[in-house]
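The chain contents come next:
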Amino acid sequence: MAEPDAAGRFGRFGGRFVPETLIPALAELEAAFRDAWADPAFRARLDGLLRDYSGRPTPVTECENLSERLGLRLLLKREDLNHTGSHKINNVLGQALLAQRMGKTRVIAETGAGQHGVATATAAALLGQECLVYMGEVDMERQALNVFRMRLLGAEVRPALTGSRTLKDAVNEAMRDWVASVETTHYCLGTVMGPHPYPWMVRELHRVMGDEVREQCRALLGGDDPDVAVACVGGGSNAAGLFSGFADARTRLVGAEPAGGAAVGKGVPGVVHGSKSFLLQDEWGQVVEAESISAGLDYPGVGPEHAHLADVGRAEYHPVTDEEVLDAFVTLSRTEGIIPALESAHAVAWVIRERESLAGQTVVVCLSGRGDKDVQQVSAMLGDAAGADRGLR
Ligand SMILES: *Cc1c(COP(=O)(O)O)cnc(C)c1O
């Protein structure tokens, strides 16, 4: 997982497909990030926040009970133990510090389920930045608690009223805002998507997870690397962080996509939100809505580097169904006492399904977030016979 080329391309994917007015802003952002990333003082400040504010390094947990049941060795990289409950804070703290360094006093973001919005509002509160989060009107209704969290943290939450009024519309609104406000404003994009330098920059900001987990696995495995590393894929940022630790290892890299939003599995090359990647489209080239049990994976595209890794065969991407995800959600809770985010449960679900082909292997899963935000939804979904079957009623 090297740097993209000068045009921001990973193989035939990526690039910078944006209105003319944003080209200088993206060039400025790239230059500022390169400069900051090479500056030991910036790195030390970020590392300090990751350690003392977010709680890094996050541990690796050996799942003895579930390992025995599945006939393999299961390790979890515990990104759920970060402040605000997921991996998203790694990226956001870096971008918020970068905005400050660039002299931008206002930060905007898009959010779907609200987790990236909450992380951004958190960092903005910490650094004294003005914060505006765009969120689809439909998502604001579905995730009312996260809307309140953002407001509590001092952010403004503005509904995106166009299209399906969900995540992709919120991205459109954020980009529109940025075109008009780029002098004072940094756009804090939440995953490895968008025009260059975002996919590369966001991956680098999540690399800390990959570096940690490689070292932790080596300590646990007597110097060896795991056989398989698995992460769920929405836009692909937690997967990019995990994979970056093992890109040059013998480790098999697996992304678990929601069956209803399998951009790598079912998408075709296309341009959306500023870069070229695999994208769910209909026969007319119109973007198709993703549909998944987890709002955090409800996105019709995937980051361009994942499209490239699939293209060259370095990583594989497999769909898992909502039903398999629910089972994994309950199973991990019961066997290990860890309630995963529904997103993260996709990765666990793939391991459970593939247990026979993985027999005897060591598998590290990125537990990208905790499931507290999802218990109400799961409770409602398992309210009848489905819950009774699982001993929940
Ligand atoms: C947002 C989110 C995801 C999906 O985003 P990626 O960029 O694909 O990592 C996955 N897990 C959790 C817990 C999230 O909050």
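Residues numbered from 1 in each chain as written. Predicted model: local features only at pLDDT ≥ 70, side-chain atom pairs only at ≥ 80, totals over all residues. Heavy atoms only, no water.

## Thoughts on the overall build of the protein chain
Our working definition: A run of H or I in DSSP counts as a helix once it spans at least four residues, and a run of E counts as a strand once it spans at least two, with each numbered from the N terminus. Radius of gyration here is computed from C-alpha atoms only, and the compact-globule reference equals 2.2 Å multiplied by the residue count raised to the power 0.38. Whether a residue is buried, partly exposed or exposed follows from its accessible area with a 1.4 Å probe, protein chains only, as a fraction of its type maximum: under 20%, in between, or over 50%, in that order. Any two residues having at least one pair of non-hydrogen atoms within 4.5 Å are treated as being in contact.
Scanning the protein chain for helices and strands turns up 16 helices and 14 strands. Against the globule reference of 21 Å for 393 residues, the protein chain gives a C-alpha radius of gyration of 20 Å, in line with a compact fold. Among the 393 residues that make up the protein chain, the fraction classed as buried is 60%. Pairs at least 24 apart in sequence give 73% of the contacts found in the protein chain among residues at least 6 apart.

## Some points on the packing of aromatic side chains
Given two aromatic rings, one states the distance between the centres and the angle between the planes to describe the pair. Our working definition: In this scheme Phe, Tyr and Trp rings, the latter by its six-membered ring, pair at centre separations within 6.5 Å, and the angle between planes marks the pair as stacked below 30 degrees, edge-to-face above 60, and tilted otherwise.
Under the criterion given, the structure shown has six aromatic pairs. Taking 6.3 Å as the distance between ring centres and 65° as the angle between the ring planes, the aromatic pair formed by Trp 178 and Tyr 198 counts as edge-to-face. Of the two residues, Trp 178 sits in helix 8 (residues 167–181) while Tyr 198 sits in helix 9 (residues 198–220), which places them 20 residues apart along the sequence. Here Trp 178 falls in the buried class, since its relative accessible area comes to 3%. Site record: aromatic cluster; members linked through ring pairs are Phe 33, Trp 37 and Trp 200.

## Some remarks on the pairing of strand 11 (residues 268–272)
Regular strands place their side chains on alternate faces of the sheet. Quick reminder of the rule: Criterion used throughout: strands pair if DSSP finds at least two bridges between them.
As paired strands, strand 11 and strand 12 (residues 275–279) are joined by five bridges and run antiparallel to one another. Bridging from a neighbouring strand, Val 272 pairs with Ser 275 of strand 12. Linking strand 11 back to strand 12 in an antiparallel pair, the connection comprises two residues, with His 273 at a positive phi of about 50°.

## Details of unusual backbone geometry
Of the consecutive residues Arg 56 and Pro 57, the connecting peptide bond is found in the cis state with omega at 0°. Among the structural elements, Pro 57 can be located in the loop between helix 2 (40–52) and strand 3 (60–62). Cis geometry marks the peptide bond from His 196 to Pro 197, where omega comes out at 15°. Mapped onto the secondary structure, Pro 197 falls in the loop between strand 8 (185–187) and helix 9. In this model, Arg 165 sits at a positive phi of 55°, which is unusual for a non-glycine residue. Even without glycine at this site, His 273 takes up a positive phi of about 50°. Along the chain, His 273 turns up in the loop between strand 11 and strand 12.

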